[in-house]
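Close look at the chain arrangement
For reference, the chains in residue letters:
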Amino acid sequence: WNESQMWDVPFNQGEKHVVNGAYSYDGSLFIFTKCFENWKKEMTCELWYVELENDQWGDAVRFGDFINFEDAIITQPALAFDQRKEHDILYYVSNQEGGQGGMDIYYTYFDKRRGNWRKPRNLGRKINGEGDEITPYYNQKEKKLFFSSTSYTGMGGLDIYSSRGELRRYVKPINVGYPINSSVDDFYYSLREDRESGFFVSNRAGGFQMINETCC
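A short tour of the structure in this document, coming up.

Procedures and definitions
- Residues numbered from 1 in each chain as written.
- Predicted model: local features only at pLDDT ≥ 70, side-chain atom pairs only at ≥ 80, totals over all residues.
- Heavy atoms only, no water.
- Helix = DSSP H or I, 4+ residues; strand = E, 2+ residues; numbered from the N terminus.
- Rg over C-alpha atoms; globule rule 2.2 N^0.38 Å.
- Buried < 20%, exposed > 50% of the residue type's maximum accessible area, 1.4 Å probe, protein only.
- Contact = heavy atoms within 4.5 Å.
- Areas by Shrake-Rupley, 256 points an atom, 1.4 Å probe, with all protein chains shown as cover.
- Lys, Arg positive; Asp, Glu negative; His and termini not counted.
- Charge placed at Lys NZ, Arg CZ, Asp CG, Glu CD.
- Phe/Tyr/Trp six-rings, centres within 6.5 Å; stacked < 30°, edge-to-face > 60°.
- Lys NZ or Arg CZ within 6 Å of the ring centre and 35° of its normal.
- Disulfide = S-S within 2.5 Å.
- Salt bridge = Lys/Arg side-chain N within 4 Å of Asp/Glu carboxyl O.
- Polar contact = N/O pair within 3.5 Å; in protein donor to acceptor, adjacent residues only side chain to side chain.

**Side note on the overall build of the protein chain**
Across its full length, the protein chain holds 0 helices and 17 strands. Computed over C-alpha atoms, the radius of gyration of the protein chain comes to 17 Å, within 12% of the 17 Å expected from 2.2 N^0.38 for 216 residues, which places it in the range of a compact globule. Seen along its three principal axes, the alpha-carbon backbone of the protein chain occupies a region of about 45 × 40 × 40 Å. Considering the protein chain as a whole, with its 216 residues, one finds that 41% of them fall into the buried category. Of the contacts formed within the protein chain by residues at least 6 apart in sequence, a portion of 39% connects residues at least 24 apart. Approximately 13,200 Å² of the protein chain is accessible, and the part contributed by carbon and sulfur atoms is 47%. Placing the 25 positive and 32 negative side-chain charges of the protein chain at their respective mean positions leaves the two points 10 Å apart.

See the structure below:
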């Protein structure tokens, strides 16, 4: 890896946290999260997007109130593509009212005929539980949704699970098991194109820690 550097784009704003980006299938759409403190000193997050035109990113646009809710956390976008219907599918995470509990995974898709994103839907109790479901990633070739959860009896902390399906139709999630999951937190799972290797985040012992061997 070479040295990391600031992405020179107009939507990287110093006064807000600009995080959790996701590209569309064709690379022409980039969805990301903006986080900031509200008047109650609570962290809130919203989804924004930019489109690529003539090799230049346009102005950032906030998703409307059908996705972003006041005083809620809306974050961790993941984009998939329905090749049969040829439209983008957006999965994301929210703690908005009306969910199954904690952070839940929601989805919406872009209706090309109407030219807009449809009303989001909760993935339901097959995926979302009473705890937190976070960091969704959809593997197009395997038709599997990968995510991390504290709702199920796992190995400890956040564990990574997979479930075959699409949109709101999924089978019972399966824990991906050891050695990927550990007794602490494991999340942000993703596979490379060849499906022979991938990446995930963990606070297991052996990484760079701040206070103790599994901290932060």
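**Thoughts on the packing of aromatic side chains**
The tally for this structure, following the rule as stated, stands at 22 aromatic pairs. With 6.4 Å between their ring centres and 45° between their planes, Y91 and Y107 make a pair best called tilted. Taken together, the residues Y91 in strand 7 (residues 87–94) and Y107 in strand 8 (residues 104–111) connect sequence positions 16 residues apart. Comparing Y91 with Y107 shows no difference in burial state: the two are buried. These aromatic residues form a ring-pair network of at least three members: W7, F11, Y23, F30, F32 and W57. The ring centre of F36 lies 4.9 Å from the NZ or CZ of K16, which sits over that ring.

**As for the state of the cysteines**
By the definition in use, this model includes 1 disulfide. In this model C35 forms its disulfide with C45; the gap between the sulfur atoms is 2.1 Å. Between C35 and C45 the disulfide shows an S-S torsion of about 105°. By sign, it is right-handed. Here C35, found in strand 2 (residues 29–37), pairs with C45, found in strand 3 (residues 43–53); they are 10 residues apart in sequence, far enough to count as distant. Here C35 and C45 have matching classes, each one buried.

**A closer look at the pattern of salt bridges**
What the rule picks out here adds up to 11 salt bridges. Here D186 and R204 are joined by a salt bridge, their closest N and O atoms 2.6 Å apart. Separated by 18 residues along the polypeptide, D186 in strand 16 (residues 186–191) and R204 in the segment after strand 17 (198–202) bring together distant segments of the chain. Here R204 falls in the partly exposed class, since its relative accessible area comes to 25%. Connected through shared salt-bridge partners, K40, E42 and D71 make up one network.

**Some details on the side chain of Q96**
Inspection of the secondary structure assignment puts Q96 in the loop between strand 7 and strand 8. Within the structure, Q96 has its side chain in polar contact with the side chain of S94 (distance 2.9 Å).

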